[in-house]
Each structure stands twice: as structure tokens, then as C-alpha cells.
Protein chains: 4
Amino acid sequence: MIIIMRHGATTAQIANVTARIEQMGCQAHLSQGEERTIIGVIGNGRPIDREQIERMSGVERAVSVLRPFKLASREFHPMDTVVPINGVSVGGQKLAIMAGPCSVESHEQLMETAQVVQEAGAHILRGGAFKPRSSPYSFQGLGEEGLRILAEARKATGMPVITEVIAPELVPLVTTYADILQVGARNMQNFALLHAVGESQRPVMLKRGMMATMEELLMAAEYILSHGNQRVMLCERGIRTFENYTRNTLDLSAVPMLKQLSHLPVIVDPSHSTGKWELVEPMARAAVAAGADGLIIEVHPHPEEALSDGAQSLKPARFAALLQSLKPIAEAVGRTL
Amino acid sequence: MIIIMRHGATTAQIANVTARIEQMGCQAHLSQGEERTIIGVIGNGRPIDREQIERMSGVERAVSVLRPFKLASREFHPMDTVVPINGVSVGGQKLAIMAGPCSVESHEQLMETAQVVQEAGAHILRGGAFKPRSSPYSFQGLGEEGLRILAEARKATGMPVITEVIAPELVPLVTTYADILQVGARNMQNFALLHAVGESQRPVMLKRGMMATMEELLMAAEYILSHGNQRVMLCERGIRTFENYTRNTLDLSAVPMLKQLSHLPVIVDPSHSTGKWELVEPMARAAVAAGADGLIIEVHPHPEEALSDGAQSLKPARFAALLQSLKPIAEAVGRTL
Amino acid sequence: MIIIMRHGATTAQIANVTARIEQMGCQAHLSQGEERTIIGVIGNGRPIDREQIERMSGVERAVSVLRPFKLASREFHPMDTVVPINGVSVGGQKLAIMAGPCSVESHEQLMETAQVVQEAGAHILRGGAFKPRSSPYSFQGLGEEGLRILAEARKATGMPVITEVIAPELVPLVTTYADILQVGARNMQNFALLHAVGESQRPVMLKRGMMATMEELLMAAEYILSHGNQRVMLCERGIRTFENYTRNTLDLSAVPMLKQLSHLPVIVDPSHSTGKWELVEPMARAAVAAGADGLIIEVHPHPEEALSDGAQSLKPARFAALLQSLKPIAEAVGRTL
Amino acid sequence: MIIIMRHGATTAQIANVTARIEQMGCQAHLSQGEERTIIGVIGNGRPIDREQIERMSGVERAVSVLRPFKLASREFHPMDTVVPINGVSVGGQKLAIMAGPCSVESHEQLMETAQVVQEAGAHILRGGAFKPRSSPYSFQGLGEEGLRILAEARKATGMPVITEVIAPELVPLVTTYADILQVGARNMQNFALLHAVGESQRPVMLKRGMMATMEELLMAAEYILSHGNQRVMLCERGIRTFENYTRNTLDLSAVPMLKQLSHLPVIVDPSHSTGKWELVEPMARAAVAAGADGLIIEVHPHPEEALSDGAQSLKPARFAALLQSLKPIAEAVGRTL
């Protein structure tokens, strides 16, 4: 950490900061410039709270030298993490395709979708049983009934299943039915939930909050990893900006940036981010070209009748064609489908 | 709702949309312009899902005529809501001042702070027992021990106590110690938590998420209100922008805008939003001038030793002086302190 | 246009609005719902100012049915625009690659760069002579001397040249040397400049402002098109968000969205948007996969000595390798390089 | 400046950076931590280009110790700047009230408005003659005719006049009629214009761009100041966020923050930022309470007939009442009206 003192900081203030640092078991290293005094801190391995230093008298700013995440960082773990999930691997040379409806609506709807996405080439089945909806008057999902239908579809197809968990007390229930626990964008900093999915030791897909920085996403991953659960996948699903022709702004530069900062696999969701099915196809192709480790795509056999988010769902035929079109792009970046 | 069909929408597509609307028990009203066909929907009192319409073939956009919140709206409830909390009222002519440390750190620290903020004129004591922190390595609060200390301070001073609840399963515990349940910015769309605090029938202060629109804040309030819990207070605490000289951007225009849209009291938090104690005083004054119903301010007897967010805490003497300076401003806008 | 009256709007207010609309030569069409009166406006072909209506008493909102841009819209001009520039075409089946240094620094630097980018496969040479810099103390470009060097490089290589013009009075000067006038992000809404480049009848590349919506970008293009200058190219170069690991957030979903809304070619700038050379390559590949019509990439023979923005410049060898890697992706989306 | 080398930076890379620094006439000061090498730079008074350092091999980040603006900083000029403008002072103990219509529409309209705002207590008359409009089809202002009308109103009332200048070549013309040159939000980084108004030596009001940070605003002011023109006023007019109930988000925390960073007066525009006349009054009061040095408010005798931005204009009677309501707030913060 580097501490920049205010212009005109007194000798007493500087001595005070130095004393505090040494009290923490660190070394302080003074550098007296013409306009500012700078104090370099040589640490003892434990993180120093930047804010605690910044509130001391005479301090202008403190700059962290190290990133605040450790277990999630590529420095700590240089090799790519590959997450094994009941026969499917995420993060390796082969791309992982997750597909299915936004919400599980019925046995028939899910079974039909599961079969078509599997035939088209998907590896993992998605479907929401507990739906976080911004209005209390919207369809909130089938709950446990939805989980049971997911488990039936898994049994029928052999595909692992991913579904969202929205509260810590639901983790045991969801764990009995699903292979991957999804933490949704709105819950990325629901720390009680992060603890619970960390404890579960199940594969987790953590979606970036729509107002979250990459650093905050990696800190949220750090919560899960700190419980010894190493099967964590990150998911970029669009951030909120002032633009309103698209629902959110898909930040594809997060893909190579996250992969440079971290060893964790990065999945891209082109459906929720754009909110428009016409944009799902080009953005899915772009995501693969940017180096994503997988995609999560909404497919619905009859999007016009979908109970949630049908506007962004692909019909099965378009989904099958999309996967075909991804192949040469995957190859061009050294991956397979 | 008004439905704008695409340029060149076919007669069949238009008929399809009309049929769907009538099937919902609503009336469709066609208006054929030169460039677009517009379908006006005359409702039956139940909300129509905009997205469900937008995914139909030939539809360009659907525009809601009514706001999506009802119980929270001033149209539904024209008079200001006044929330009574064990002897203190929030939302009436008298401003409510909530003050205290970011975190409860010890019995001594809280007792000392409680006394000084009460002497200065505060009405409600704040203090965090469960702290949502972006790093798993930061101090996470004293937990139930913190709640016990809060209850002791309440007993000693008579002041009602506000503290954050971070998970649905903690609501019963927090309710046994605290007078007001705070839902933090990161949990504004933690719907499981909103349900739980709605069920609790306790006064709730709901903080605007740092990426939330006012509409989303009011929809989150609608969740709580829909459980019959009418003691809801809104809190503006800054939104995230690209600006980085301040921690967040305090959106004071939200105060008069929310009060125009809704009957619920609006509290302003000048401490978390700015992240800098020097800005707390001018922004507290500005909040009162903008029409806020109250303030929540961090005060710490020794901010340099605070375990969290000391950089934004006022010392007791400054807090007392601030309250004095608010009096003529409160009077100027027809309020008292 | 559709006008939504406030709840409780009086008969006089409604009559007033209706009268105003008829006075404009349009027809008003009343629809009395239970909660709101809606007035549909059937136009006479001329745009109606939404804000003028919204300020009338009793009006809650006015919703435009048509997009505010016309000449730039695909509805008006369904076929893709192909911009011919001295032997190079932008917007057709073949991708256009623009490359070169951020700033023209010297005859040697530009000549060396021009040759290597041409050999690697670039079609158009970029280089800044007038540099808009946020600090008055930064290098502001070589000015006319830079333009002369660009013209020499064009003569030597045969490549058309693109360079930025930063003020209306410089348009005649820049036009004598350059083939394409670039309007920078900071000048996207410099309307005096838009008029001047419109009048020039030269090809223009218009960069999206870093706070601009797509609608505003298309309205800025409309300014240029309204002068009869049809050779307009749009350029996505990143928007400002709260994320700070990347300089800006490259909005690749703007590529398919803009191409759906408009017939104008869309170029992507992966260099300025990310600010990091390591991200230029994956984002260039992603841009092609998303359907971009071309790329503008910074290349510098010795980035460590560059006078501006070297951090985002590729070395010649990497640039050549990048173009090779784009080929299969271009093919996969039906394009050639 | 402090340079943080990458984890694993080689001795050669470190030596290279050190050599470059010494070549610039600065001293390098090495600090070898366990995880990173840090190089402190002790400067020679001239600014170092951060980006130039960041592009060197082995460098992770460079952190500037000093702010990039100098002439605009309070460190350089500790006392408040008071700008004298033909008998009115901006930045002193007395608040400056600027008022008038968005656009000059006619002699009658401006004369009527000028008289009522002067009677109500305004000191400076505002009115747009050249209007930057996002649509080429919107009213663009009366141009020189509008300037002539402004000059007549000045003659009749004795009030100084402020109006926007939108291109460098218009500066001489506007200067012959107006007392204060306004640089609009969209032109805040139109550097050619900043040079021109700097050269003019006339009082300038510089509006913060809707995507600009405070640092960029102060850098834009630095451009003007660097021409020896010291009569610069800053204006906060709202920034763009995702919120859409208000047109922009008025950032009132910028008022105390800018006044801490800089000696220049800060004016607040509650009209353009909110876009709604109902919000103008509370936000004007809040701005004064936050410490603003003045306000610029739109007033129109007949807002429903205004040719631009009538939705945010106050009627004369409300404006007069607003100024009365500001008096006790001004007093409470040690100012007069």
C-alpha cells in the first residue's frame, strides 16, 4: 500500500500514520517530495484496510498495490480452472453450452425444450424454478415443483441441470435437485447467499451484478472460494448504462479482462443482456470470438406463450442453426463446440 | 397499455394481437396511421405484462400507461404516510434524525455515541450488527452480540434502534432487538428478504440500490406493502456513476421526485453516498432543503479508530453543530427538527 | 404520437391539447380509459416536438411512435449503404481495415507504419494531426505538418487516409489532405462541426460519444445526411460506465442494433475503447463476429515511445497476426477481409 | 508519480523504467516489496504523462500523486475567485441569480421576461440565441437576431447578459453582444472552443458535460485559464445515469467537492438537469444549501408556448416566490441573495 499525505501534512500526522503502520506489523518507508510526502508500506502478508488509513488526519489517499482478491486471482492460481460437472467440463478446450427456458412452466414445456436443445448440441439444461421478479405481481416461478421437473428432464436426457437459488435457506433444497447453483445478478452481493453456496461445495455460476465492477465480481467469487468450494464459474450478463435500445449493455471486454485477472471460467449470457432475440445470435458469436468458455442461452419452443422473458428466447430451429454457426468461430480461436 | 405495431405488420399479426388482448378480458382499440398501426388496450383492472405483448410477432413496442406500482403510489394513497415508531414519527412535519456508528464495535463505543447523538438532538440510534462487506476478509460485524448492545443502548436512552438485516432467516432474530429493520442497498432486490420483512409487520427502511431506478425502488417497496406492512420508509443513499471523486452520486432530485410519485417518507443518507465526512454537512443541509423527511448520519466518537467506514463518520461535536445549522433550513421549508 | 393525460385531467385541458394538435394540421383521436385519457395523434408527415406537448397542462407523457431519425433509418433506406472511398468500399461484403498510429509524430514514423500495416492487409491509413486532449499540457498533434505527412504516406502507398477534424474552420484544410473526415467522440454533438462536414460532401466517420445513446448517434448522422452528404460511417468506440479495469466499455451489441435501425456501415474501434493492447485482439475478433463492417486499430512501430496512447497500440507483428486470425471469423459470418 | 511494476517484472524492465525517469530529469526511488517492486518518482515540477509510463514493459500501473490541474486548483490559488461582470460579482458572499428563457424567441418575449426576472430579484439575464439541438429538425435559435434582442434587453434593464457560444468562429460575434460566454455541456471538451473563449478574455461559464467527471471539468477550465483568462465559472447541470424519471441526475455533491478542489465559483442549473419544472424549486433550494455560488434558472412568461424546453421553465410568479424562499436558506449558510 502507498499512502499519499495531504499537501501541508504536519510532522505529527506523518508520525502518527507511520506508528499505526508499524503497530500493524508492517514497515513504513518515507519519501519526502516537494509537494507531498509519500509513505510506502511493506506488508506482512495480511491485507490492510485502505479506508482505515484514509480516515487518518493528514492522509489524502491510500493506493492498494495488490488486488483485493487472492484465491480468485491468476497470480495465485496461474492455470485455468476446469470445473467438472457430472460428465461435462467447463473451462477447458471445449465450450460449454447451457440452454433452456427462462422459467420452468410445465413438464411438457421443459421436456420438449430439453430434447431439442440436446439434439442441437447443448450440454447443460437451464430453467428457472425460483424467479426473482421486480414486480410482486409477476409470475414467481413454480418453486419446488419446477425443481422436480428439472430433475425429471435430467433423468430423461442425462444433461446436468442449472437453476437459480435466491435465498440461503433454499440452498439445501435446490442442491437435492440441481447440478449447478446459479447466483443471479441481483444477488451477486447477497453475502449470506454467497456463504451458503460456498458451504454447499456444489458447482456455482455467479452472475455479474448489473452495477458490479469486475473487481466486485471477483470479490464475490472470493467469498465462495474462501469456503473451499473451487467449482466457481463467472457469468457476464450485461451491465446497466444509460443506453435503452438494449436492455443492458453486454460487456464483452470483460471476457478477456476477467480471464487475464482470474483463472475461473467465464460464461456469457447473450439473452438477458440484450433482451432481444435478434441480438442473441450475433452476440453469441462475438462472445465465442472474445474467448468465452461457454454460453447460456434462452430457448423456448413457443416464445410467444412464455411466462417470462419470451422476448429474448430463441425458437429451437434458430438455436440449432446458431450452434452450427459457432463452430468455425470456436475453431478460429482454438476451441471446439 | 398502447401497442405500436412494426412498419408493415400484417393483418394477421394485428388480428393475433387483438385476439390475445380480448382473451385477457380487455378491449382493443385500433388506430391505423400512415406509418404504423397502434392498438390501444382498455384494461380490466389487472396489470398486463408488457414483455409478453412485446414478444408477439409484428409488435414493435408496448407502452404502459399506468405506473407498475400501486400500493406505493400517491395516486392510490394521496396523503403522506407517517410511520410511528415507539414514540418517534417519520414522515410528518418534524424531521427524523437517525445517527450512530457504521458498526457496533463495543458496549462502550455504542453507549458513548448514543448519548452524544441524543444530546445533539437525534431521535433514532443507528448501528450495524451484521455488515455486508464486499471483501470476505473485512470485519463482518458483531452479529447477535451487536444486537444485544443496541438493545442496551435503547434501554439506556429510550431511543428506537435501526439496524440492517441481511438474510430472511435473520429477520426473527433482528426483530427481537431492533425497532426498524433496514434493508441495505445491495439487498434492495433480494426478494426473499423483502417478503420476510413484509411478513414481520415491523417498520422497514428500504435503501435504494446503487444501480436502482426510482421505479425499481418503488417496486421493491410494493413487495413489502403487499404483505400488509405499511410502515415503509425509502432511503436515497447515492447511485453509482462514472464519477470517482465521490464514492457514489447522491441523487437529491430523487427526494422531490419520489415524494411526487409516492406517499412514503424519504430519508437521505449523506454519509455512505459521499464517503467523505467533509461532504456530509453540506449534503445534509441540501437534503433538508430538497424536502427530505429525515437523515441518517454516521457519527463515531473516534472515527480514526472505527472498524468500518470511519472516513465518512462525523465527530460528535461536528454532528451537534450540523444539527444546529439544519434548523433554519428546516424552518424555511416548513419543517421542524 | 400518443399523449397520456394525467389522472384527473380536466375536460378543458383535454380540449386544449386536442385544439393544439388540430392547429398543427394533425388529427386527434380520443380514448377515455378508466384511469387515464389517451390522445392518439395522426400526423401530417412533419415531426411533432414531444417536449412541446409534454409541457401543456394536464399532460403526463407523450410517446413518439416513430423514431426521430429518418434519413439514417433503415425504414427510409432498406438497403445497406456502401461508402466508396478512392478505390476502397466500406459497408459491402469485404471488411474495411483502418490502421495506423494514434498521432502522426514524424515522416519516418508514419511511413514505416503505413508500409507495415499495408503489407499486413490494411486498406485505409489512420493518423491524428489535430489531437483533442483532455489536458492543455499534453501533446496536441503536429497540425498541418501532420496532414502533409499523411498526404505523403497516401502518395507512397496508395491507401486512402482518415484523420480527425476538430473544428468547423479546419474542415477546408483537412479536406485538402485527407480522404475521410473523422468526427471524434467528444465532438459527436458539436453541431457546428456536423454542419461543416455535411457541407464538405466528403466521406465522414462519426464516432459515438462516450455518453451518447445509439439514438443520439443516429441523430448526429442525420445532421450530416441532411446536407445531402450520404457517405457517413458510424463508429462504436466504447461508452463510459462505472467499470474502470477497462478505459471504456465497448458496446458490441450496438453493432447488430445499429445495423437493424440504420443502413449506414458500422466500424468498431477496439483500441480506444479498451485502452489496453492485450484486449485489442479478442475484441477485434468479437467485433467481426458481431457483424461489424470494419475495424479501426492503432498500430505503432515502437509503442513505448509513442507520444499519445501507446498503451493501446499494437506492434506491427501482432497486427499482422491479428488480421490473419480474423479471416476464418469473417468467413464464418459471410464476409471477406 | 508512483509506478507499480507487474508481479515478476525483470531487472531489465525495472532498469529501463528507472532510466526513462532519470532521462526526464526526475529521480527514481526503488522499493522492493515481496510481491511487487514500486518506483517512486520525485519530479522536476513538470507533469509526467501517466500513459507514457504505463505502456512500458513490466509496468502494471502508474499512480499520479498530484492532480492534473494546476491553475484551477485551490492548492495553487487558495482564496475564492470572485468574477466581476459589469457591476455584478459571482463567487462572493452574495449569490448570483441568472434567469431567463431557454431560447430568445422574440423582442416581446425577452423584454417581458427580463423585466419580471429583474423585479423578482435576478441579477443576470440568460437567453439562447444559438441552440445546440440533438435533432437537425428542431428550432436552432434566432442566431445574431437573438443576440441583438439580448443586447436591447441589457440596455433596457442594465442586467448583464449570458448566452451560449457553440463554435470558435462565433466567439467574436457573441462577444460584441454578451457579457458572459456560456460553453454548453455538449461542448465542454470542444477544445477549439475552449481556446477561443480563453483568448477572448471575457467571463466564461463552463457547463459540466453530462458524461464528464469533475476532474475533466477542471481540466477544461484549465484550458481557459491557461490563456490568462481568469474569469471562469463552473456550472453543474446534471450527469447522465440510468435513471429516467428525471432527464439527468443533478450531482449536488459536486458543489462542495468542486469548491474544495478549486477556487472557481460554482453555479447550479436546476432546470436542464431535472427537465421538470416541479423539481426546479426544491433543487434550487438544495443547491443553495449545498453551498452553490449562484443559480441559472429558466423562466418563460408562457411556458406552454415556448419553442424549446418549456417543460422545465418556471412561470414568473413561481420564480418570484422561489427567490423569496431562498433567502432564509442563503442566510443559514452565510450568504445573501
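Check the entry above for the structure.
Scope of this entry: the structure provided in the associated data block. Residue indices follow the written sequence of each chain, beginning from 1 at its first position. Starting at A for chains and at 1 for ligands, labels are handed out in the order in which the entities are written. With pLDDT at 70 or above as the cut-off, local features in this predicted model cover only qualifying residues; side-chain atom pairs require 80 or more to be listed or tallied, and sums for whole chains, interfaces and linings still use all residues. Heavy atoms from the whole structure form the basis of all side-chain values; hydrogens and water molecules are not counted.

## Re the relation of the copies chain A and chain B
Then comes step 1: When chain A is brought onto chain B, the operation consists of a screw motion whose angular component is 180° and whose axial shift is 0.0 Å, with 0.0 Å RMSD remaining. Expressed as a symmetry operation, the mapping of one chain copy onto the other fits a two-fold axis. For chain A, the minimum C-alpha distance to the rotation axis belongs to A:Met211 and amounts to 2.7 Å.
Then comes step 2: Residue contacts are counted whenever heavy atoms from the two residues lie within 4.5 Å of one another. Looking at chain A, 100% of its interface residues are interface residues in chain B too, so the copies touch through the same face. Here the copies are matched by least squares. The fit uses the C-alpha atoms of residues with pLDDT of at least 70 in both.

## Observations regarding the interface of chain D and chain A
Then comes step 1: Contacts between the two partners involve 20 residues from chain D and, on the opposite side, 20 residues from chain A.
Then comes step 2: Buried surface at the junction of chain D and chain A, both sides included, amounts to about 2,000 Å², of which 58% is carbon and sulfur.
Then comes step 3: By buried area we mean how much accessible surface two parts lose on assembly, using a 1.4 Å probe and totalling the loss over both. Looking at the side of chain D facing chain A, the largest losses of area belong to D:Val65, D:Glu75 and D:Phe242, adding up to 23% of the total buried there.
Then comes step 4: In what follows, salt bridge is the name for a side-chain nitrogen of Lys or Arg lying within 4 Å of a carboxyl oxygen of Asp or Glu. Between the two partners, chain D and chain A, sit two salt bridges.
Then comes step 5: Linking D:Glu75 and A:Arg36 is a salt bridge whose minimum nitrogen-to-oxygen distance equals 2.6 Å.
Then comes step 6: Distance and chemistry together define a polar contact, namely a pair of N or O atoms within 3.5 Å, with one atom able to donate a hydrogen and the other to accept it when in protein, and with adjacent residues in sequence counting only for side-chain atoms on both sides. Put simply, chain D and chain A have six residue pairs in polar contact (both at pLDDT 80 or more) between them.

## Points about the pairing of strand S10 (residues 180–183) of chain C
All names here are of chain C.
Then comes step 1: Think of it in three bands: residues with accessible area under 20% of the maximum for their type are buried, residues over 50% are exposed, and the middle band is partly exposed, with areas taken using a 1.4 Å probe on protein chains only. Secondary structure follows DSSP: runs of H or I at least 4 residues long count as helices, runs of E at least 2 residues long count as strands, and numbering of each begins at the N terminus. Burial along S10 is two-sided: Ile-180 and Gln-182 and Leu-181 and Val-183, pointing in opposite directions, are all buried.
Then comes step 2: By definition, two strands form a pair when at least two bridges between them are found by DSSP. Sheet topology places strand S9 (residues 161–164) next to S10; three bridges connect them, and they run parallel. Within S10, the position partnered with Ile-162 by the bridge is Ile-180.
Then comes step 3: Call a crossover right-handed when, viewed with both strands pointing away from you, the route from the first strand across the helix to the second goes clockwise. Crossover handedness for the path S9 to helix H5 (residues 171–177) to S10: right-handed.

## Re helix H7 (residues 214–225) of chain C
Residue and element names in this part refer to chain C.
Then comes step 1: With 12 residues, H7 should reach 16 Å at 1.5 Å per residue; the first-to-last C-alpha distance of 16 Å fits that figure.
Then comes step 2: Taken across its 12 residues, H7 has 11 buried, putting it largely inside the fold.
Then comes step 3: Taken residue by residue, H7 has Met-214, Glu-216, Leu-217, Leu-218, Met-219, Ala-220, Ala-221, Glu-222, Tyr-223, Ile-224 and Leu-225 as its buried positions.
Then comes step 4: Its buried side turned inward, H7 meets helix H6 (191–200), strand S11 (204–207), strand S12 (232–236) and helix H8 (254–261). Expected helix span is given by 1.5 Å per residue-to-residue step, counting one fewer step than there are residues.

## Some words on the side chain of A:Glu281
All names here are of chain A.
Then comes step 1: Looking at the secondary structure, you find Glu-281 in helix H10 (residues 277–290).
Then comes step 2: A relative accessible area of 10% places Glu-281 in the buried class.
Then comes step 3: Those residues in contact with Glu-281, other than ones at most four positions away along the chain, are Leu-314, Arg-318 and Leu-322.

## Some points on the relation of the copies chain D and chain A
Both copies of the chain are related by a screw-like operation: a rotation about an axis and a shift along it.
Then comes step 1: Mapping chain D onto chain A is achieved by rotating through 180° and translating by 0.0 Å along the same axis, at an RMSD of 0.0 Å.
Then comes step 2: By residue overlap, the copies meet face to face through one surface: 100% of the interface positions of chain D are interface positions in chain A.

## Points about the sheet that holds strand S8 (residues 124–126) of chain D
Residue and element names in this part refer to chain D.
Then comes step 1: With respect to topology, eight strands assemble into a closed barrel ordered S7-S8-S9-S10-S11-S12-S13-S14, the strand pairing being parallel. Shown here is a sheet whose adjacent strand axes are inclined to one another by a mean of 25°, direction ignored.
Then comes step 2: Sheet topology places strand S10 (residues 180–183) next to strand S11 (residues 204–207); three bridges connect them, and they run parallel. The residue bridging Leu-181 from the neighbouring strand is Val-204, located in S11. Axis definition: a line fit to C-alpha positions, over the contact stretch in the case of helices; interaxial angles, taken between N-to-C directions, run 0 to 180 degrees.

## Thoughts on the packing of helix H7 (residues 214–225) of chain D against helix H8 (residues 254–261) of chain D
All names here are of chain D.
Then comes step 1: Viewed as axis vectors pointing N to C, H7 and H8 meet at an angle of 50°, and their least axial separation amounts to 11 Å. Classified by the angle between their axes, H7 and H8 sit oblique to one another. Crossing of H7 against H8: the hand is right-handed. For the pair H7 and H8, the contacting residues are Met-214, Leu-217 and Leu-218 in the first and Ala-254, Met-257, Leu-258 and Leu-261 in the second.
Then comes step 2: By the convention adopted, Pro, Cys, Tyr, Trp, Phe, Met, Ile, Leu, Val and Ala count as nonpolar, Lys, Arg, Asp and Glu as charged, and the other residues, Gly among them, as polar. By residue class, the composition of the contact of H7 with H8 is seven nonpolar, no polar and no charged. Every angle not falling under 35 degrees, over 145, or within 65 to 115 is termed oblique; those three ranges are roughly parallel, roughly antiparallel and roughly perpendicular. Here a crossing is taken to be left-handed if its near helix is turned anticlockwise relative to the far helix by less than a right angle, and right-handed if that turn runs clockwise.

## A word on the pairing of strand S14 (residues 294–298) of chain D
Residue and element names in this part refer to chain D.
Then comes step 1: Buried residues dominate S14, accounting for five of its five residues.
Then comes step 2: Both faces of S14 are covered, namely the face carrying Gly-294, Ile-296 and Glu-298 and the face carrying Leu-295 and Ile-297.
Then comes step 3: Pairing analysis gives five bridges linking strand S7 (residues 96–100) to S14, with the strands arranged parallel. Residue pairing for S14: Ile-97 is matched across the bridge by Leu-295.

## Description of the environment of B:Val255
Residue and element names in this part refer to chain B.
Then comes step 1: Mapped onto the elements of the fold, Val-255 is located in helix H8 (residues 254–261).
Then comes step 2: Between the C-alpha atom of Val-255 and that of Asp-309, which follows or precedes it by 54 residues, the distance is 25 Å.
Then comes step 3: If sequence neighbours within four positions are ignored, Val-255 has contacts with Val-266, Val-268, Ala-290, Gly-291 and Ala-292.

## Things to note about the pattern of salt bridges
Any two side chains of opposite charge can pair, given that their charged atoms come close.
Then comes step 1: Here the structure, examined in full by the defined rule, presents 64 salt bridges over all chains.
Then comes step 2: Between A:Glu243 and C:Arg208 there is a salt bridge, with its nearest N and O atoms 2.9 Å apart. Remark: C:Arg208 occurs in the loop between S11 and H7 and A:Glu243 occurs in the loop between strand S12 (232–236) and helix H8 (254–261); the pair is interchain, linking two chains.
Then comes step 3: Overall, the relative accessible area of 4% leaves A:Glu243 in the buried class.

## Some thoughts on unusual backbone geometry
Most peptide bonds take the trans configuration, and most residues that are not glycine carry a negative phi.
Then comes step 1: With a phi close to 60°, A:Gln201 is a non-glycine residue in the positive phi region.
Then comes step 2: Mapped onto the secondary structure, A:Gln201 falls in the loop between helix H6 (191–200) and strand S11 (204–207).

## Here's the deal with the packing of H10(A) against helix H10 (residues 277–290) of chain C
Then comes step 1: One can describe the packing of H10(A) onto H10(C) by two numbers: an axis separation of 7 Å at closest approach and a directional angle of 155°. Comparing their axes, H10(C) and H10(A) come out roughly antiparallel. Considering how the two elements wind past one another, H10(A) and H10(C) form a crossing that is right-handed. On the side of H10(A), the interface is formed by A:Pro282, A:Met283, A:Arg285, A:Ala286, A:Ala289 and A:Ala290, while H10(C) contributes C:Pro282, C:Arg285, C:Ala286, C:Ala289 and C:Ala290.
Then comes step 2: Here the residues of the contact of H10(A) with H10(C) are counted per class, giving nine nonpolar, no polar and two charged.

## Quick notes on the interface of chain A and chain B
Then comes step 1: Each partner contributes residues to the interface: chain A has 50 residues there, and chain B has 50 residues.
Then comes step 2: Both sides together, the interface formed by chain A and chain B hides about 4,000 Å², and carbon and sulfur atoms give 47% of it.
Then comes step 3: Salt-bridge contacts for A:Arg6 lead to B:Glu278; the nearest nitrogen and oxygen are separated by 3.1 Å.
Then comes step 4: Taken together, the connections running from chain A to chain B amount to 16 residue pairs in polar contact (both at pLDDT 80 or more).
Then comes step 5: When contributions to the side of chain A that touches chain B are tallied by element, the ones reaching two or more residues are helix H2 (50–54), H6 and helix H7 (214–225) of chain A.
Then comes step 6: Top contributing element to the side of chain A that touches chain B by residue count: H7(A), with four residues.
Then comes step 7: Across the side of chain A that touches chain B, the residue classes break down as 21 nonpolar, 13 polar and 16 charged.

## What about the sheet that holds strand S3 (residues 37–42) of chain D?
In a beta sheet, neighbouring strands pair by backbone hydrogen bonds and run either parallel or antiparallel.
Residues and elements named next belong to chain D.
Then comes step 1: In space, the four strands of this open sheet follow the order S2-S3-S1-S4, with antiparallel pairing throughout. The strands lining the two open edges of the sheet, one partner per strand, are strand S2 (27–32) and strand S4 (59–63). Neighbour-to-neighbour, the strand axes of this sheet turn through a mean angle of 20°, independent of strand direction.
Then comes step 2: Here six bridges tie S2 to S3, and the two strands are oriented antiparallel to one another. Residue pairing for S3: Leu-30 is matched across the bridge by Ile-39.

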